Amino acid sequence: MGDKIALEMRYGATNYLPLPVVLSRGEGVWLWDDEGRRYLDMLSAYSAVSFGYGHPKLLATLNAQAQRLAVTSRAFHSDTLGPFLAKLCEITGMDRALPMSTGAEGVETAIKCVRKWGYQVKKIPEGQAEIIVCAGNFHGRTSTIVGFSSEAQYREGFGPFSGGFRPVPFGDVRALQKAITPHTAAFLVEPVQGEAGIVVPPDGYLAEAALVCKANNVLMVVDEVQTGLGRTGKLFAIHHENVKPDGIILGKALGGGLLPVSAFCAKESVMGVFKPGDHGSTFGGNALGAAVGLKAIEVLIDEKLSERSATMGAYLLKRLKAISSPVVADVRGKGLLIGVELDPKRVSARQFVETLLKHGVLSKDTHGTVARFAPPLIVTREELDWAVDRIRDALGEYGPVYDKEAA
Ligand code: PLP
């Protein structure tokens, strides 16, 4: 194990500090390291592996399509892209979809689209379009996107940044209303802030924000890269409040945990601003990604994974809340996107996830104080029980624990 880590650390750029485990195999919700030790994956590649490892239908589609046709570029049509785009529009309720590969590219696509809409449709003076964003946001790592991050480390040393972004506090509709000017093109928001530490806004926030946007001719674009496709217990997190936005960004699980596949989906009046040559990407919409993306959506619906996420998420939340430990400050989340906030005076989230690793549970710290639990949506109650028992044991290393729901 040590030599593989050393090789990666010697030749890789030092932009990551992975946990000290070398993974070599995955099946369902389980991962094995190179020495045969088994772990329950409670991270799912930051929500990209909602279907678990080696899902037979996704693997069959990947293999068959890779042998038939993979990447030809958008210079030509393919026989898999149309059905994928149609399915994306069907599930999002949007009119058109623009496929890309990574989540950040989906967000960049949305930014370009709403700005162009601002100039062409709303008649904002050229170069003055503004996008309102939320404090604590995470939309990816491109230089434009980190420019409107409120996280100092994401910005430090990477300027100068693109202007035209105005931050408001997350969860505060009045602040959104006050920030709108005649130059506001759009409001970009995550329904639940994942990287900020699983921050769930007050009930009704998204629905009210949608009304404010509509009343002011401002587009509402939701970033469902992490929260979408069943993660929070509904197909999309905005469905908890019946919100109908103007655009939705998808990514992560859209690639079935096998490929990078993302998309910006929007209403005709919004997406209609793009003309040939305005935007594109060599790999976006490739035949292989489209086939796997379509199958991922079909599996999600056929296997009722959103519903599963709701019931299993409620169960996991209940079990985690039943553990009393002096180091736990809060337990929160929606569906299978759950954060356990630790008291930083007693233990850092990094220390805690390293302890969890020893106990056979893979998780990741976010924001220094939160351990996130987001297993594949196929996880069973027994597997969650196994994980919670290990989490309780790990907490026990930092003080006395009492588990009211212990089996
Ligand atoms: N948007 C949200 C809400 C995310 O959580 C992420 C990644 O964590 C992204 C965008 C960026 O996605 P990617 O890492 O695929 O660029």
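Residues numbered from 1 in each chain as written. Predicted model: local features only at pLDDT ≥ 70, side-chain atom pairs only at ≥ 80, totals over all residues. Heavy atoms only, no water.

With mixed pairing, seven strands are arranged side by side in an open sheet as 4-10-9-8-7-5-6. Two strands bound the open sheet, and with one partner strand each, they are strand 4 (96–100) and strand 6 (165–168). Between one strand axis and the next, the sheet turns through 20 degrees on average, direction left out of account. With four bridges joining them, strand 7 (residues 184–189) and strand 8 (residues 219–223) adopt parallel strand pairing. Residue pairing in the sheet places Val189 in a bridge with Val222 of strand 8. (Pairing = 2+ DSSP bridges. Helix = DSSP H or I, 4+ residues; strand = E, 2+ residues; numbered from the N terminus. Axes fitted to C-alpha atoms, helices over the stretch in contact; angles between N-to-C directions.)

When the domains of the protein chain are assigned, the result is domain 1 (2–54 + 305–403) and domain 2 (56–302). Here domain 1 and domain 2 have C-alpha centroids that lie 27 Å from each other. With both sides pooled, the region where domain 1 packs onto domain 2 buries about 2,300 Å², and carbon together with sulfur makes up 57% of that total. It is Phe51, Lys334 and Leu337 that lose the most area in domain 1 upon contact with domain 2, and together they represent 31% of the buried surface on that side. Linking domain 1 with domain 2 are 17 residue pairs in polar contact (both at pLDDT 80 or more), by the criterion used here. Counting only elements with at least two residues in the side of domain 1 that touches domain 2, the list comes to helix 2 (44–47), helix 12 (305–321), strand 12 (328–334), strand 13 (337–342) and strand 16 (370–373). With four residues, helix 12 is the single largest residue contributor to the side of domain 1 that touches domain 2. Tallied by class, residues from the side of domain 1 that touches domain 2 come to 14 nonpolar, 11 polar and three charged. (Domains from an automatic or database assignment. Buried area = accessible area lost by both parts, 1.4 Å probe. Polar contact = N/O pair within 3.5 Å; in protein donor to acceptor, adjacent residues only side chain to side chain. Nonpolar A, V, L, I, M, F, W, Y, C, P; charged D, E, K, R; others polar.)

The tally for this structure, following the rule as stated, stands at 27 salt bridges. Note that Lys267 and Asp246 form a salt bridge whose closest N and O atoms lie 3.1 Å from each other. Taken as a pair, Lys267 in the loop between strand 10 (262–266) and helix 10 (268–271) and Asp246 in the loop between strand 8 and strand 9 (247–250) lie far apart in primary sequence, 21 residues in all. Where Lys275 meets Asp278, a salt bridge forms, and the shortest distance between an N and an O atom there is 3.5 Å. (Salt bridge = Lys/Arg side-chain N within 4 Å of Asp/Glu carboxyl O.)

So, on to unusual backbone geometry. Of note, the bond from Gly159 into Pro160 is cis; its omega dihedral lies within 30 degrees of zero at 0 degrees. Here Pro160 lies in the loop between helix 7 (152–155) and strand 6. One non-glycine residue with positive phi stands out, namely Ser44, at about 55 degrees. Residue Ser44 is classed as buried on the basis of its relative accessible area of 0%. Here Tyr46, not a glycine, exhibits a phi torsion of approximately 55 degrees, which is positive. With respect to the helices and strands, the residue Tyr46 is situated in helix 2. (Buried < 20%, exposed > 50% of the residue type's maximum accessible area, 1.4 Å probe, protein only.)

So, about the state of the cysteines. This structure, assessed with the given rule, holds zero disulfides. Here Cys89 is not disulfide-linked; the sulfur of Cys265 is the nearest cysteine sulfur, at 6.0 Å. On the basis of relative accessibility, which here comes to 0%, the residue Cys265 falls in the buried class. (Disulfide = S-S within 2.5 Å.)

Here we take up the pairing of strand 12. Relative to strand 13, strand 12 is paired through six bridges, and the arrangement is antiparallel. Of the residues in strand 13, the one forming a bridge with Asp330 is Glu341. Joining the antiparallel neighbours strand 12 and strand 13 is a turn of two residues, in which Gly335 adopts a positive phi near 60 degrees.

Bringing helix 12 into the picture now. In this model, helix 12 (17 residues) spans 23 Å end to end at C-alpha, consistent with the 24 Å of a helix rising 1.5 Å per residue. Regarding helix 12, the residues found buried are Leu305, Ser306, Ser309, Met312, Gly313, Tyr315, Leu316, Leu317, Arg319 and Leu320. (Expected span 1.5 Å × (residues − 1).)

Attention now goes to the packing of aromatic side chains. Applying the stated rule across the entire model yields five aromatic pairs. Measuring from ring centre to ring centre gives 5.1 Å for Trp30 and Trp386, while their planes differ by 75 degrees; the resulting arrangement is edge-to-face. One end of the pair, Trp30, is in strand 2 (residues 30–33); the other, Trp386, is in helix 14 (residues 381–396), with 356 residues separating them in the sequence. What makes Trp30 buried here is its relative accessible area of 11%. Judged by relative accessible area, which is 25%, Trp386 ranks as partly exposed. Centre to centre, the rings of Phe170 and Tyr205 are 5.6 Å apart; their planes meet at 80 degrees, and the pair counts as edge-to-face. Taken together, the residues span a long stretch of sequence, with Phe170 in the loop between strand 6 and helix 8 (173–179) and Tyr205 in helix 9 (residues 205–215) at a distance of 35 residues. By relative accessible area, which is 2% here, Tyr205 ends up buried. (Phe/Tyr/Trp six-rings, centres within 6.5 Å; stacked < 30°, edge-to-face > 60°.)

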